[in-house]
Each structure stands twice: as C-alpha cells, then as structure tokens.
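Take a look at the letters that make up each chain.
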Amino acid sequence: QVQLVESGGGLVQAGASLRLSCTASGRTFSNNPMGWFRQAPGKEREFVTAISRSGDGTYYADSVKGRFTISRDNAKNTVYLQMNGLKPEDTAVYYCAASQKPYVTRSGNEYVYWGQGTQVIVSS
C-alpha cells in the first residue's frame with residue numbers, strides 16, 4: 001500500500017506563491033502516477049494536475065495552466081505543486097493522490113491512494 005502526507009498549505013494574499021509537498025511511503029513510488037486534486041467548501045472535488053511515473057508527462061486543468069507546476073523527485077518519494085499567481089478562486093483543500101496504473105490520467109476514479117489534504121486560502 002501507499003501512504004501519502006501533504007504539507008505546505010497556508011493563508012496568503014492574491015498574487016502570492018505556495019509550494020505544496022506530498023511525501024509517499026510504501027510500495028514503489030516510481031511506479032505510481034501522481035495527481036493533485038482540490039475541493040472548495042460545498043463544491044465537488046476537481047482535477048488540478050497530474051504527472052507520469054517518470055515525470056515526462058504532465059497534465060493541467062485549464063484554470064491553472066501557466067500558474068501551477070507539478071514535479072516529482074522519485075529518490076525522495078515526493079511530488080510537488082508549485083503555485084504562482086494565486087487567486088481567491090484557488091482557495092480549497094488540496095489533496096495528492098496515487099494511481100496504480102502505468103499511465104497518467106485526469107480521472108479521480110483511477111487514483112486509489114489519497115492524502116489527508118492541506119488547506120490553501122487566498123485572500124483578495
């Protein structure tokens with residue numbers, strides 16, 4: 001099994017930057033495509049970004065393209081989410097997730113391991 005722990009959330013002003021981290025344990029981390037999802041209060045969970053096992057392939061929701069960057073360091077069993085130019089609409093709990101598939105996907109149903117989430121609040 002895979003255990004995931006997110007960190008790096010906080011309260012910031014619009015235009016600021018944050019870097020989220022997700023550290024994994026168990027199994028072989030490099031065999032897991034990783035994704036970031038977010039959920040605002042009263043809203044459905046939505047896809048943010050995902051990265052392939054090797055890091056060669058990345059995908060982003062249109063709302064974060066050009067502002068967010070996903071990366072991974074398999075030697076450290078860690079995936080990162082660099083968030084620049086934060087907007088109030090980015091406010092949400094951010095979750096990292098791991099897939100057991102050999103390919104990367106935007107579909108939340110493909111991710112079987114989830115972290116506890118980290119809160120990001122962006123004030124106007």
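Placed above this text is the structure.
Our subject in this report is the structure included herewith. These figures come from a predicted structure and were not determined experimentally.

1. Some details on the pairing of strand S11 (residues 118–123)
Turning to step 1, where the next piece is worked out: Residue alternation in S11 divides its side chains into a buried set, Thr118, Val120 and Val122, and an unburied set, Gln119, Ile121 and Ser123.
Turning to step 2, where the next piece is worked out: Of the strand pairs in this sheet, strand S2 (residues 10–13) and S11 are connected by four bridges, and their pairing is parallel. Its bridge partner lying in S11, Leu11 is registered against Ile121.

2. Side note on the packing of aromatic side chains
Turning to step 1, where the next piece is worked out: Overall, the coordinates contain four aromatic pairs when judged by the stated rule.
Turning to step 2, where the next piece is worked out: The interplanar angle of 65° and the centroid separation of 6.5 Å between the aromatic rings of Tyr111 and Trp114 together place this pair among those described as edge-to-face.
Turning to step 3, where the next piece is worked out: Residue Tyr111 is classed as buried on the basis of its relative accessible area, which comes to 4%.
Turning to step 4, where the next piece is worked out: We classify Trp114 as partly exposed; its relative accessible area is 27%.
Turning to step 5, where the next piece is worked out: Feature note: the residues Phe37, Phe47, Tyr111 and Trp114 constitute an aromatic cluster, connected by ring pairs.
Turning to step 6, where the next piece is worked out: The ring of Tyr80 is capped by Arg19, whose NZ or CZ atom sits 4.0 Å from the centre of that ring.
Turning to step 7, where the next piece is worked out: Taking NZ or CZ as reference, Arg45 lies 5.6 Å from the ring centre of Phe37, over its face.

What counts as what
- Residues numbered from 1 in each chain as written.
- Predicted model: local features only at pLDDT ≥ 70, side-chain atom pairs only at ≥ 80, totals over all residues.
- Heavy atoms only, no water.
- Buried < 20%, exposed > 50% of the residue type's maximum accessible area, 1.4 Å probe, protein only.
- Helix = DSSP H or I, 4+ residues; strand = E, 2+ residues; numbered from the N terminus.
- Pairing = 2+ DSSP bridges.
- Phe/Tyr/Trp six-rings, centres within 6.5 Å; stacked < 30°, edge-to-face > 60°.
- Lys NZ or Arg CZ within 6 Å of the ring centre and 35° of its normal.

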